[in-house]
Amino acid sequence: MRNVAGMMAAGLIGVSSLSFVSCGGGGSSASVAPAPAPSNVVSVVVDGGPNNNSVNTVFTTVTVCVPGSTTNCQTIDHVQVDTGSNGLRLLAPVLTLSLPVTMATDGNSLVECTQFVDGYSWGPIALADIQVGEETASSVPIQVIGSSTFAVDPNCSNKGTAEDTVAAFGANGILGIGVFEQDCGPFCAPSTTVDNSANGFYYSCTTASVCVGTTVALNSQVLNPVRLFATDNDGSILDLPGVAAPGTTTLTGSLIFGIDTQSNNSSGSETILGVDLIYGDFTTVFNAQTLSRSFLDSGTNGIFFDDSNLTQCPPPAISTDPSFLGFYCPASAQSLTATLTGTNNTSIPETFTVDNAQTLVTDHPTFSVLPTLAGTWSGAANAATSDTFDWGLPFYYGRRVFTAIENQRTAVGTGPYVAF
Amino acid sequence: MRLGIDFKGGCCVGALLVALVPRLACAALGEPESSISGDVQHLKGSIKSTLRTNYRVHEIQLPSGTVLREFAAAGGNVFAVAWSGPAIPDLRQALGRYFDAYVTSAQAKQGGHRHLRIEQSEFVMQSSGHMRAFSGRAYLPQALPPGTSVDEIR
């Protein structure tokens, strides 16, 4: 990696000239009959993950290739499936391929500071051909988290603690398949009216890791790979079987790409909830509170909301014991009801159960699937201070949950929306 | 924008400047409200302040689009910060001497990437959100002005 700038340039040129080859599968394909539609189903699993300590976390397997190559590829398991973010991110310690890093508009390398509430993930944007099941996308901008090529900019490390190892991240990567086409969107893109260069996400870095904030054109940001699939690219369906409380060790289901593109992904019987164009959120009414920043999120490992009537778990008696702080620990399982309302004014009630997080985990140490796991969203004693209800992976159990990408028209509406 | 309340220190003045370095710089948690003047040249954004019963709220619109609110007792220290928006603010700056406590606790996570809760006798922090939508707050429970509810910190 001595000459990153040179590699980048070579890589980009190579990609643009080779992308034809990878699409056609070689030069002698003229007499081949039209290929059948690819299978749009890939298996997913809820298990303990690469660190064997995950709960309510759903994973799949992704293959990435050097752009244009069908042989210089790597298959990576335990990539988290996340409907709450957009774009593919892979952990550098796992990735053995050398992928071409993309350029910022000033010609230096494009690097991103991805933010999570528990820390940040720093790493360059690179191009890869992606295969998930039989679906493929060429020259997709992805993030390589924890690459040692670029030292972390202080403006990023000031967000908190690094999540650049599998141990810290809890997965070998994350497949963001939410409702948006880009990870940051207009906020990080050039604008004629405001300076978006200090967006906090994207940086232009020299080979000496001198970095400055930069805007990035929408199609050069980290992109939702579903949108770039050749077919079945308007959304996805996460299809997980139901689980009886208190749970089970592992769970296998399906991720189906496309909505109304094949016989296995047609819509019609589901309730559609439109989500807003800025956050991807809808409204949940719970305990007479209207929570306008609510969302479905396969990347959240429980149901998170504020309810002052529910007992929160105590701090651990011994500091080295597992902490359940932030989760609920009611004396017995509680059945609760909320109403979800989309931006299209469609509403649907939802009944769910909250059980004691500490007991669930302690009594079932081998369970990776805990459908009654829940916690506080803001931690506030008074739920009136919150505006969010986070419907995490337990919501997905026993359902087909549709995620329609912004601007995409399906048989029943135009994204962004969720449906179930 | 002309506001009815004038407050001492440079936070207000600095906010009206457009500095070249896009970096939040205002009073950190636990620091005096008047300590901010040395940092203001780094600030790039806009600010307004409102007086509440026992404290002032300095609301800073950051370049990232996030709003950061700093809660300062009148003539005293910053006892709370809260944020909401598409990006997490510069927490080293906002949390000041409590940043290390946040980092240490965040490494022992249990709520995944979307939730963080730290509860210590003198420092409480709650942070949550998903890509494009983050919110959180941190406060010093022993420094809250009398009559102030933690639910006002948002």
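The shown structure was predicted, so the numbers you read here are calculated from the model rather than taken from an experiment.

Asker: Would you explain unusual backbone geometry in this entry?
Answerer: Both trends apply: most residues other than glycine have a negative phi, and most peptide bonds are in trans. Residues and elements named next belong to chain A. Cis peptide bonds are those with omega within 30 degrees of zero, and the linkage from Ala 245 to Pro 246 qualifies with 5°. By secondary structure assignment, the location of Pro 246 is in the loop between strand E11 (235–240) and strand E12 (251–257). That bond from Gly 415 to Pro 416 is cis: its omega, 10°, falls within 30 degrees of zero. Its place among the elements puts Pro 416 in the loop between strand E23 (413–414) and strand E24 (417–419). The backbone phi angle of Asp 232 is positive, close to 55°, even though this residue is not glycine. Tracing the backbone shows Asp 232 in the loop between helix H4 (225–228) and E11. A positive phi angle is found at Asn 345, which is not glycine, with a value near 65°. In this structure, Asn 345 sits in the loop between strand E17 (334–341) and strand E18 (347–354).

Asker: Would you mind going over the confidence of the model for chain B with me for this structure?
Answerer: Detailed conclusions should not be drawn from predicted coordinates in areas where pLDDT is low. Residues and elements named next belong to chain B. Looking at chain B, pLDDT values average 74 and 71% of them are 70 or higher. Across chain B, element-level confidence peaks in strand E4 (residues 78–85) with a mean pLDDT of 92 and bottoms out in helix H1 (residues 11–16) with 35. This stretch, residues 1–25, has a pLDDT under 50; its non-local contacts, to residues over four places away or in other chains, come to 61 contacts. Counting contacts from residues 37–41, a segment whose pLDDT is below 50, to residues more than four positions away or on other chains yields 12 contacts.

Asker: Is there a simple way to think about the nonpolar core in this case?
Answerer: Generally speaking, soluble globular proteins have nonpolar side chains that are buried together. Counting residues in each nonpolar core, the largest one holds 145 residues, and the members touching the most others are Leu 90, Ala 128 and Val 418 of chain A together with Leu 29 and Val 81 of chain B. Looking at this core element by element, the count peaks at eight residues for strand E6 (residues 119–132) of chain A. Two domains each put at least three residues into this core: domain 1 (36–228) and domain 2 (267–419) of chain A. With sequence-adjacent residues up to four places away left out, Ala 128 of chain A is seen in contact with Val 64, Cys 65, Pro 67, Leu 99, Val 140 and Ile 142 of chain A.

About the cut-offs
Residues numbered from 1 in each chain as written. Chains lettered and ligands numbered in written order. Predicted model: local features only at pLDDT ≥ 70, side-chain atom pairs only at ≥ 80, totals over all residues. Helix = DSSP H or I, 4+ residues; strand = E, 2+ residues; numbered from the N terminus. pLDDT = per-residue confidence, 0-100. Contact = placed C-beta atoms within 7 Å. Core = buried A, V, L, I, M, F, W, Y, C linked by C-beta atoms within 7 Å. Buried ≥ 20, exposed ≤ 12 C-beta atoms within 10 Å, placed from the backbone. Domains from an automatic or database assignment.

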